Amino acid sequence: MWTVVYIAPTKTIAERIQGILENEGVLVHLKTVELDGNDRGSIEIQVPEGEAEEATEIITEHLGRLR
């Protein structure tokens, strides 16, 4: 089962988080909830339930550099 670990405000940030998580060996699925013409909106970062804690820690470590 996929679990949302972060909701990115832009497509660029979602893709950067996806790359970081995949480099750490975490499976990632992006789900666009809402997106405007400027690639801003809500993109869910989803990972398998068993990897959610690890993914959250990785995102927290990198969050300051993503904005």
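Structure: see above.
Residues numbered from 1 in each chain as written. Predicted model: local features only at pLDDT ≥ 70, side-chain atom pairs only at ≥ 80, totals over all residues. Heavy atoms only, no water.

Undergrad: Could you give an account of helix H1 (residues 11-23), naming the residues involved and the relevant values?
TA: Residues three or four positions apart in an α-helix share a direction because the helix packs 3.6 residues into each turn. Helix length check: H1, at 13 residues, gives a terminal C-alpha distance of 18 Å against a target of 18 Å (1.5 Å per residue), a fit within 8%. Listing the buried residues of H1 in full gives Ile 13, Ala 14, Ile 17 and Leu 21. Take H1 and look down its axis: the buried residues cluster within an arc of 100 degrees, on one side only. Trailing H1 by a residue or two, Gly 25 shows a phi angle of about 90 degrees, which is positive. (Helix = DSSP H or I, 4+ residues; strand = E, 2+ residues; numbered from the N terminus. Expected span 1.5 Å × (residues − 1). Buried < 20%, exposed > 50% of the residue type's maximum accessible area, 1.4 Å probe, protein only. Arc of directions from axis to C-beta.)

Undergrad: I'd like a rundown of the environment of Glu 49, residues and numbers included.
TA: Counting through the fold element by element, Glu 49 comes out in the loop between strand S3 (40-48) and helix H2 (52-66). Sequence-wise, Glu 49 and Thr 12 are 37 residues apart; in three dimensions their C-alpha atoms are separated by 24 Å. Excluding its chain neighbours within four sequence positions, the residues that come into contact with Glu 49 are Met 1 and Thr 3. (Contact = heavy atoms within 4.5 Å.)

Undergrad: Can you lay out the sheet that holds strand S1 (residues 2-10) for me, pointing to particular residues and giving the numbers?
TA: Pairing is antiparallel in the open sheet, where three strands are placed in the order S1-S3-S2. If you trace the sheet from one side to the other, it starts and ends with S1 and strand S2 (29-35), each paired once. Going across the sheet, the axis of each strand differs from the next one's by a mean of 25 degrees, ignoring polarity. Sheet analysis places S1 next to S3, joined by seven bridges and oriented antiparallel. Of the residues in S3, the one forming a bridge with Ala 8 is Ile 43. (Pairing = 2+ DSSP bridges. Axes fitted to C-alpha atoms, helices over the stretch in contact; angles between N-to-C directions.)

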